[in-house]
Amino acid sequence: MTINNPFKNLRIEFHILQSFPVTCLNRDDVGAPKTAMIGGVQRARVSSQAWKRPVRMAMHEFGAKLGIRTKHVADIVAQACTDSGASAEQANSCGEMIASYLSKDTLLFFTMTEAKAFAGYAQEQDFDAKKLKDKDVHKVAKKTLNPAIDGIDIALFGRMVAQAADLNVEAAASFSHAISTHKASNEVEFFTALDDLATEPGSAHMGSLEFNAATYYRYVSLDLGQLWQTLAGQDLPGAVENFTKALFVAVPAARQATQSGASPWEFAKVLVRKGQRLQVPFETAIKAKDGGFLQPSIDAMTSYLARQEKLHGSLFGKQAEYTYGQNDSFNIDDLIAALKQHSAGSVAREEANA
């Protein structure tokens, strides 16, 4: 029986403003803070992948059971085979064979449940690697994967299986590159270090590091319909809560020991909408006002979203709007509680109308 997706085309959109002084949150190939030319001026930039991994790691800290993203698939499957009674030689042969059916020198997103299932399949074949078939391995993976149990990050961030397209998972979360709302130039910090045992005055080491300071606009979209589909309807509110908490606390890890970036969200507009995704381009660089970029960035962002709502008319599809950082009585717990209601409410309405 085909079950209608009650969250089809419904998404939560996070429009976040976050200011960081003296940081290098995301480095390029020469160690400088990443940048981009937008609207004819240079902006500070943090790539989407640089923020996605800290979000994923933070989800684990909040209790989510994550999958494994690694090139060492053969080693993990081999260990699962060993645990199931295979000899070291059998385990290594089966691990390498199964891994070759899934990826070749690329990172693979998979779960320990899948690894144990692969070992179970190998055991059925007497741990004889020559008997293992690629189609059977793919069937085992497809039957076993349950992101709601031990791979919520696979449901959120998606996965691509190089050797088996039918094992691909569409990502429910979409991250833009964070950009400064204003013109930003990289600066150079010159530093020296002293030798504790030196007998002569002067530095023992000299160097330089680039940094910048910026108010960033971050856009993140969470497709509830896709997430519901991948999770087979299991605990969608819990996934939304865990993801939102992680999104709130996660910060890229680059140079945190020497150029700490521990700044929280300053302001956020969170929309629950149906229809086309919509992010703010900040094509015109913001000018500092009243001593900073934050307030004019808030004004520009809220004005842009309000205008787009009018221009989109019925296609804007807004079901709810929440503002964080404007009223002290509405904190992150209140926002999470509201978003959880949206991720559960449609199911309740669907069941009531059945």
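Residues numbered from 1 in each chain as written. Predicted model: local features only at pLDDT ≥ 70, side-chain atom pairs only at ≥ 80, totals over all residues. Heavy atoms only, no water.

Here helix α3 (residues 88–100) spans 18 Å end to end across 13 residues, near enough to the 18 Å set by a 1.5 Å rise per residue. In this fold, the buried residues of α3 make contact with α2 (73–83), α4 (112–124) and α5 (134–144). (Helix = DSSP H or I, 4+ residues; strand = E, 2+ residues; numbered from the N terminus. Expected span 1.5 Å × (residues − 1). Contact = heavy atoms within 4.5 Å.)

Moving on, we come to unusual backbone geometry. One non-glycine residue, V22, lies in positive phi territory at about 45 degrees. With respect to the secondary-structure elements, V22 resides in strand β1 (residues 10–23). Taking relative accessible area as the criterion, V22 reaches 42% and is therefore assigned partly exposed. (Buried < 20%, exposed > 50% of the residue type's maximum accessible area, 1.4 Å probe, protein only.)

Moving on: empty space enclosed by the protein. For the coordinates displayed, the defined rule picks out 2 cavities of 30 Å³ or more. Within this model, the largest cavity holds a volume of roughly 50 Å³. Lining the largest cavity, in full, are V46, S47, S48, W51, F175, S176, A178, R218, Y219 and V220. Elements that contribute at least two residues to the lining of the largest cavity include exactly α1 (48–61) and β9 (205–223). Within this model, the second largest cavity holds a volume of roughly 40 Å³. Around the second largest cavity, the lining residues are L102, L108, F110, E114, F118, A141, R159 and L167. Sorting the residues of the lining of the second largest cavity by element identifies β5 (108–110) and α4 as the ones contributing at least two each. (1 Å grid on protein atoms, 1.4 Å probe; cavity = no way out; pocket = protein on both sides within 12 Å on 5 of 7 lines; lining within 4 Å. Points joined across faces, edges and corners; volume = space filled by probe spheres on them.)

Now for the environment of S84. With respect to the helices, strands and loops of the structure, S84 is situated in the loop between α2 and α3. If we ignore the near neighbours within four places in the chain, the residues touching S84 are A119, Q123 and F127.

With that settled, the discussion passes to the nonpolar core. One finds F14, L222 and F243 to be the most contacted residues of the largest nonpolar core, which totals 56 residues. In terms of residue count, the dominant contributor to this core is helix α9 (residues 236–249) (6 residues). The residues contacting F14, other than those within four sequence positions of it, are R218, Y219, V220, F243, T244, L247, W265, K269, V270 and L339. (Core = buried A, V, L, I, M, F, W, Y, C linked by side-chain atoms within 4.5 Å.)

This part is about the packing of aromatic side chains. Within this structure, the stated rule accounts for 11 aromatic pairs. Arranged with centres 5.2 Å apart and planes meeting at 55 degrees, the rings of Y217 and F282 form a pair that is tilted. Here F282 lies in the loop between β10 (267–274) and α10 (294–312) and Y217 lies in strand β9, a separation of 65 residues in the sequence. Like F282, Y217 is buried. Aromatic pair Y322 and F330: ring centres 6.3 Å apart, planes at 0 degrees, arrangement stacked. Given a relative accessible area of 19%, Y322 falls into the buried group. With relative accessibility at 22%, the residue F330 sits in the partly exposed group. Site record: aromatic cluster; members linked through ring pairs are F14, F157, F175, F243, F248, W265 and Y324. Note that R218 overlies the ring of W51, its terminal NZ or CZ placed 3.9 Å from the centroid. Above the plane of the ring of F316 lies R273, whose end atom (NZ or CZ) is 4.4 Å from the centre. (Phe/Tyr/Trp six-rings, centres within 6.5 Å; stacked < 30°, edge-to-face > 60°. Lys NZ or Arg CZ within 6 Å of the ring centre and 35° of its normal.)

That is the geometry; function is a separate question.
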